[in-house]
Amino acid sequence: MNRTIFDLIKKRAVLFDGGLGTELMRYGLPLGTCPETWNVERPDIVQRIHASYFEAGSDVVSTNSFGGNGIKLAAHGLEGRVRELNSAAARVARRAAPAGKFVAGSMGPTGKFLQPQGEFTESEFEEAYGEQAGALAEGGVDLLIIETQYDLKEALAALRGAGRAAPSLPVFVTLTFNKFPRGYFTLMGNTVALSVEALEREGTRAVGANCTLNSEDMVGLVRAFREATKLPVIAQANAGKPALSGDGQVSYSQGLEDYVRFVPEMLKAGANVIGGCCGTDPAYIRRMAEFIKK
Amino acid sequence: MVREELFNDIRKAIVEGDKPRAQELAREAIGLGADLNEVIDKGYVPGIQTVGELWEKGEYFLPELISSAECMKAAMDILQPEMAKANIKSRSLGKVVIGTVEGDIHDIGKNLVASMLQANGFEVFDLGADVKLERFIEKAEVEKADIICLSALLTTTMLNQKRFIEMLRQKGHYGKYKVLVGGAPATRKWAEDIGAQGFAENAALAVKAAKAAMAK
């Protein structure tokens with residue numbers, strides 16, 4: 001690959017993919033199944049989803065490895081398969097990627113708390129994220145994205161672990177924020193300013209937010225990130241909140257047109273990399289690609 | 001008045017998450033021969049309620065919530081044995097069976113709700129995550145629970161909240177227990193549509209919902 005993702009970011013806004021979990025469920029992922037297992041059991045489906053995002057205009061897809069660190073997998077009794085499942089995730093995405101497009105290794109939160117709130121230490125988290133990062137690197141990703149983080153301490157441990165295990169890969173970090181009258185805060189009470197400062201110091205190559213917020217609320221958050229850093233800013237908003245009708249049909253509260261309405265504002269507010277999170281699908285990405293082309 | 005000062009100090013210790021102070025004050029209350037139920041109702045419980053309000057306002061976050069809940073637990077660990085010794089029945093606001101429904105392993109929010117309910121005076125039986133629907137009923141029957149709290153984070157597992165209410169109806173238990181639902185996708189409308197008795201958006205509101213359910 002001659003051109004890096006940073007070359008692309010310099011030229012124009014870069015487009016990630018949309019929701020993966022949502023798509024996997026649509027393709028029939030059974031209730032309670034660990035999504036990462038489909039990288040070895042139904043790689044055809046996972047590859048098809050990645051391909052549909054590239055076809056819709058994504059420059060980058062994230063691997064099906066969101067819950068793939070050992071601590072998270074332990075809930076399914078699969079902590080012994082970190083290397084197998086994550087390297088498979090990377091390979092499947094790589095197979096779907098046309099020349100010149102990128103694959104980002106997705107690393108989501110452990111779901112556990114660090115001491116004193118929980119039982120884990122920062123070095124245990126570092127180790128788990130490191131193991132995952134190594135496997136994703138082995139499978140051929142172009143970069144790593146540590147995402148949906150709600151604890152800055154965990155994000156930093158993940159960044160350290162990834163840096164140690166895969167030193168040649170750039171690492172992006174996105175946190176998830178709630179919107180309060182006082183401003184944007186993570187679950188643990190982290191602010192944008194303090195988070196960015198710490199993450200930059202630890203060597204992240206791009207920062208931003210994903211999940212929890214819809215595209216409208218994400219605009220203000222992008223602005224806050226833009227004010228805090230010169231690094232590329234990433235924003236991947238949810239299509240609102242999921243709602244379930246009585247007969248089991250899922251719909252997301254922010255429809256397609258409403259979602260994309262805020263994309264120009266997100267770009268104007270300073271987002272360099274955009275994508276979609278829960279509830280978004282290739283149709284959302286197709287519309288977002290149109291905005292970027294303009 | 002000495003007692004008012006004691007209650008204020010206790011409330012402050014909980015709000016500040018000062019565990020040694022909360023424990024010290026518990027011992028002091030025992031030493032003074034104070035009415036321990038009153039100490040809990042006027043000192044500790046208002047403290048944890050204030051914490052809940054600060055959380056709702058977005059001024060307190062998870063670390064503060066957890067450390068205050070731990071203060072509460074540490075104080076109760078000192079007061080409750082003392083009350084048992086003196087044969088004073090600690091007033092329980094009600095019995096709650098709580099868990100994350102089967103197919104769903106998310107438990108952070110549910111753990112918080114369990115902590116807050118306990119801190120606010122409920123007797124809580126936490127079944128964990130990925131709990132088979134029948135287990136909720138079994139535990140509720142055995143413990144003669146008042147409330148069953150179901151957490152679900154995924155739209156797919158949310159359906160189990162609906163199935164649970166249907167199961168209650170089939171077994172002729174509908175109305176016997178107050179069912180409260182929670183988790184990111186839960187809404188008031190969802191709770192109404194499925195026939196649940198309440199819903200809450202976060203741990204602090206869950207306490208309010210549980211108290212309201214007991215009042216009905």
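Each value, and the rule that gives it
Residues numbered from 1 in each chain as written. Chains lettered and ligands numbered in written order. Predicted model: local features only at pLDDT ≥ 70, side-chain atom pairs only at ≥ 80, totals over all residues. Helix = DSSP H or I, 4+ residues; strand = E, 2+ residues; numbered from the N terminus. Rg over C-alpha atoms; globule rule 2.2 N^0.38 Å. Contact = placed C-beta atoms within 7 Å. Pairing = 2+ DSSP bridges. Axes fitted to C-alpha atoms, helices over the stretch in contact; angles between N-to-C directions. Core = buried A, V, L, I, M, F, W, Y, C linked by C-beta atoms within 7 Å. Buried ≥ 20, exposed ≤ 12 C-beta atoms within 10 Å, placed from the backbone. Domains from an automatic or database assignment. Right-handed = clockwise from strand over helix to strand, strands pointing away. pLDDT = per-residue confidence, 0-100. Expected span 1.5 Å × (residues − 1).

A closer look at the overall build of chain A
Next up, step 1: Of regular secondary structure, chain A possesses 13 helices and 12 strands.
Next up, step 2: Expected size for 294 residues packed as a compact globule is a radius of gyration near 19 Å; at 17 Å, chain A falls within 12% of this value.
Next up, step 3: Expressed as lengths along the three principal axes of its C-alpha atoms, the size of chain A is roughly 50 × 45 × 40 Å.
Next up, step 4: For chain A, long-range pairs separated by at least 24 residues make up 80% of all intrachain contacts whose partners lie at least 6 apart in sequence.

A closer look at the sheet that holds strand β5 (residues 198–199) of chain B
Next up, step 1: Read from one edge of the open sheet, five strands run β2-β1-β3-β4-β5 (chain B), paired in parallel fashion. Lying at the two open borders of the sheet, with one neighbouring strand each, are β2 (123–126) and β5 of chain B.

Observations regarding the sheet that holds strand β9 (residues 233–238) of chain A
All names here are of chain A.
Next up, step 1: Read from one edge of the open sheet, eight strands run β1-β12-β9-β8-β5-β4-β3-β2, paired in parallel fashion. For this open sheet the edge positions go to β1 (14–15) and β2 (60–62), each flanked by a neighbour on one side alone.
Next up, step 2: Bridging between β9 and strand β12 (residues 273–276) involves four bridges; their strand directions are parallel. Among the inter-strand pairings, A237 is bridged to a residue of β12, identified as G276.
Next up, step 3: In the packing of helix α6 (residues 82–96) onto the sheet, the strands contacted are β2 and β3 (102–107), and the crossing angle to β3 comes to about 155°.

Re the interface of chain B and chain A
Next up, step 1: Across the boundary between the two partners, chain B contributes 15 residues, which contact 18 residues of chain A.
Next up, step 2: Among the elements of the structure, α4 (62–85), α7 (155–170) and α8 (188–194) of chain B are those that each provide at least two residues to the side of chain B that touches chain A.
Next up, step 3: In terms of residue count, α7 of chain B provides more of the side of chain B that touches chain A than any other element does, five residues in total.

Thoughts on the nonpolar core
Next up, step 1: Counting 94 residues, the largest nonpolar core has L144 and M266 of chain A as its most contacted members.
Next up, step 2: The next biggest cluster of nonpolar side chains, apart from the first, holds 71 residues, and it includes I108, A114, A119 and A209 of chain B.

A look at the domain arrangement of chain B
All names here are of chain B.
Next up, step 1: Each assigned domain of chain B is listed here: domain 1 (2–85) and domain 2 (95–215).
Next up, step 2: In this structure, domain 1 and domain 2 have C-alpha centres spaced 26 Å apart.
Next up, step 3: Tallying the contact residues gives nine residues for domain 1 and nine residues for domain 2.
Next up, step 4: Counting residues per element, the ones that place at least two in the side of domain 1 that touches domain 2 are α3 (36–57) and α4.
Next up, step 5: Here the element with the most residues in the side of domain 1 that touches domain 2 is α3; it accounts for six residues.

Some thoughts on the environment of Q161 of chain B
Residue and element names in this part refer to chain B.
Next up, step 1: With respect to the element layout, Q161 can be found in helix α7.
Next up, step 2: Overall, Q161 belongs to the buried group, with 26 C-beta atoms counted inside 10 Å.
Next up, step 3: Apart from the residues lying within four places of it in its own chain, the contact partners of Q161 are V101, L150, A152, V181, I194 and A196.

Section: unusual backbone geometry
Excluding glycine, residues mostly carry a negative phi; peptide bonds, for their part, are mostly trans.
Next up, step 1: For the bond from Q115 of chain A to P116 of chain A, the omega torsion is 0°, close enough to zero to count as cis.
Next up, step 2: A positive phi angle, near 50°, is found at T148 of chain A, a position not held by glycine.
Next up, step 3: Among the structural elements, T148 of chain A can be located in strand β4 (residues 143–149).
Next up, step 4: Among the residues examined, T148 of chain A registers 21 C-beta atoms within 10 Å and is labelled buried.
Next up, step 5: Phi is positive for D130 of chain B, close to 55°, though the residue is something other than glycine.
Next up, step 6: Counting through the fold element by element, D130 of chain B comes out in the loop between β2 and α6 (133–143).

Brief notes about the pairing of strand β4 (residues 178–182) of chain B
Residues and elements named next belong to chain B.
Next up, step 1: Of all the five residues making up β4, five are buried; the element is thus mostly covered by neighbouring parts of the structure.
Next up, step 2: A two-sided burial pattern is seen for β4, the buried positions comprising K178, L180 and G182 on one face and V179 and V181 on the other.
Next up, step 3: Relative to β4, strand β3 (residues 147–151) runs parallel, the two sharing five bridges. Among the inter-strand pairings, C149 is bridged to a residue of β4, identified as L180.
Next up, step 4: Crossover connection from β3 via α7 to parallel β4: handedness right-handed.
Next up, step 5: This β-α-β element, β4 to α8 to β5, shows right-handed connectivity.

Examining the confidence of the model for chain B
Low pLDDT means the predicted atomic positions in that stretch should not be read closely.
Residue and element names in this part refer to chain B.
Next up, step 1: When pLDDT is averaged along chain B, the result is 90; 99% of the residues meet or exceed 70.
Next up, step 2: Within chain B, β3 carries the highest mean pLDDT (97), whereas helix α5 (residues 108–119) carries the lowest (84).
Next up, step 3: Taken together, the chains of this predicted complex give a pTM of 0.86 and an interface ipTM of 0.75.

Examining helix α10 (residues 215–228) of chain A
Next up, step 1: The end-to-end C-alpha distance of α10 of chain A is 20 Å, a good match for the 20 Å that 14 residues give at a rise of 1.5 Å each.
Next up, step 2: Those residues of α10 of chain A that are buried lie in contact with β7 (183–185), α9 (192–201), β8 (206–214), β9, α11 (256–261) and α12 (263–268) of chain A.

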